[in-house]
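Structural overview for review
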Amino acid sequence: MNPPEIRALNDDAKTSGMLADLLIETVAAGGSVSFMHPLSPDAAHEFWRKSLAAAARGERAVLGAWDGKTLAGTVTLLLDCPPNQPHRAEIAKLMTRLDYRGKGIATGLMRAAEELAVKKGRTLLVLDTASEEGAGGLYEKLDFSLTGEIPDYALKPHGGLTGTLIYWKRIGEPARALS
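Residues numbered from 1 in each chain as written. Predicted model: local features only at pLDDT ≥ 70, side-chain atom pairs only at ≥ 80, totals over all residues. Heavy atoms only, no water.

**Quick word on the packing of aromatic side chains**
Here is the rule we go by: For this analysis, a ring pair means two rings from Phe, Tyr or Trp (six-membered ring only for Trp) whose centres lie within 6.5 Å, classed as stacked if their planes differ by under 30 degrees, edge-to-face if by over 60, and tilted for the remaining angles. Under the DSSP-based scheme used, a helix requires at least four consecutive residues in state H or I and a strand at least two consecutive residues in state E, with every element numbered from the N terminus. Burial classification: accessible surface area is computed with a 1.4 Å probe over protein chains only, and a residue below 20% of its type maximum counts as buried, one above 50% as exposed, and the rest as partly exposed.
Enumeration according to the criterion identifies four aromatic pairs in this entry. For the pair phenylalanine 35 and phenylalanine 47, a centre-to-centre distance of 5.3 Å together with 80° between the ring planes defines the contact as edge-to-face. Highlighted residues: phenylalanine 35 in the loop between helix 1 (13-28) and helix 2 (41-56) and phenylalanine 47 in helix 2, separated in sequence by 12 residues. There is no split in this pair, since phenylalanine 35 and phenylalanine 47 are both buried. Members of the aromatic cluster, connected to one another through ring pairs, are Phe35, Phe47 and Trp48.

In structure tokens form, the structure reads like this:
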């Protein structure tokens, strides 16, 4: 497989459909991305409609990794932070299609999100992932630092509680105190 093309996604019917399918597949496979199984197509489409509308307003960026015409994965960079946190961004909804896992898609998406955050003047990235079957190992390989774990944070998609791991990483130029 050639390296995927990673680019910002827009709200068109074909892309929204592929994003909805990816979200449904991720949740069905046990991915802890804020939804419960079974996830209805309508709920998945509505989530991406709102997310892509927020991206159009500049509140976030939704990046996609493309293998030809196949959307192999996605990540969201949340940029709409409170006024006292203009220096940070948050990583959310990192997902890779099951048949593309282990091929560097998630790593490529994370690097692209970090580059975009630096271009947007951000100096701190934060994220969280499920304690059980989450992507903690990936984030640690990408030099994110583990802050700690919150037990029983969320329900797993098929039921039962899981904790969440909180990570952070300094990027770009160091943040300066605002006067």
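More follows now that the structure is in view.
**Remarks on the packing of helix 1 against helix 2**
Basically, it comes down to this: As a rule, the C-alpha atoms of each element are fitted with a line to give its axis, helices using only the stretch in contact, and angles between N-to-C directions run from 0 to 180 degrees. When describing relative orientation, an angle under 35 degrees is termed roughly parallel and one over 145 degrees roughly antiparallel, while 65 to 115 degrees is termed roughly perpendicular and anything else oblique. Crossing handedness: left-handed means the near helix sits turned counterclockwise from the far one by under a right angle, and right-handed means the same turn made clockwise. Should any heavy atoms of two residues lie within 4.5 Å, those residues are considered in contact. Any residue that is not Ala, Val, Leu, Ile, Met, Phe, Trp, Tyr, Cys, Pro, Asp, Glu, Lys or Arg is counted as polar, Gly included; the first ten are nonpolar and the last four charged.
Running from N to C, helix 1 and helix 2 cross one another at 120°; their axes reach a closest spacing of 9 Å. Here helix 2 runs oblique to helix 1, going by the angle between their axes. Considering how the two elements wind past one another, helix 1 and helix 2 form a crossing that is right-handed. On helix 2, the residues touching Ser16, Gly17, Leu19, Ala20, Leu23 and Ile24 of helix 1 are Pro41, Ala44, His45, Phe47, Trp48 and Leu52. When the residues that make up the contact of helix 1 with helix 2 are grouped by side-chain class, the tally is nine nonpolar, three polar and no charged.

**Looking at the sheet that holds strand 7 (residues 161-170)**
To summarise the sheet geometry, strands pair through backbone hydrogen bonds and adopt either a parallel or an antiparallel arrangement. Note the cut-off: DSSP-based pairing: two strands are paired if at least 2 bridges between them are found.
If you walk across this open sheet you meet the seven strands as 1-2-3-4-5-7-6, and the pairing is mixed. In this open sheet, the two strands that pair with only one neighbour each are strand 1 (5-8) and strand 6 (145-155). Looking at each pair of strands side by side, their axes are set apart by 25° on average, direction ignored. Its contacts with the sheet put helix 2 on strand 2 (60-67), strand 3 (70-78) and strand 4 (88-96), and the angle it makes with strand 2 is roughly 115°.

**Let's talk about the pairing of strand 7**
Two faces make up the sheet, and in a regular strand the side chains alternate between them. Here seven bridges tie strand 5 (residues 124-130) to strand 7, and the two strands are oriented antiparallel to one another. Bridge assignment links threonine 129 to a residue of strand 7, and that residue is leucine 165. Relative to strand 7, strand 6 runs antiparallel, the two being bridged by seven bridges. Residue pairing for strand 7: alanine 154 is matched across the bridge by threonine 162. Linking strand 6 to strand 7, which pair antiparallel, is a turn of five residues; within it glycine 159 sits at a positive phi near 105°.

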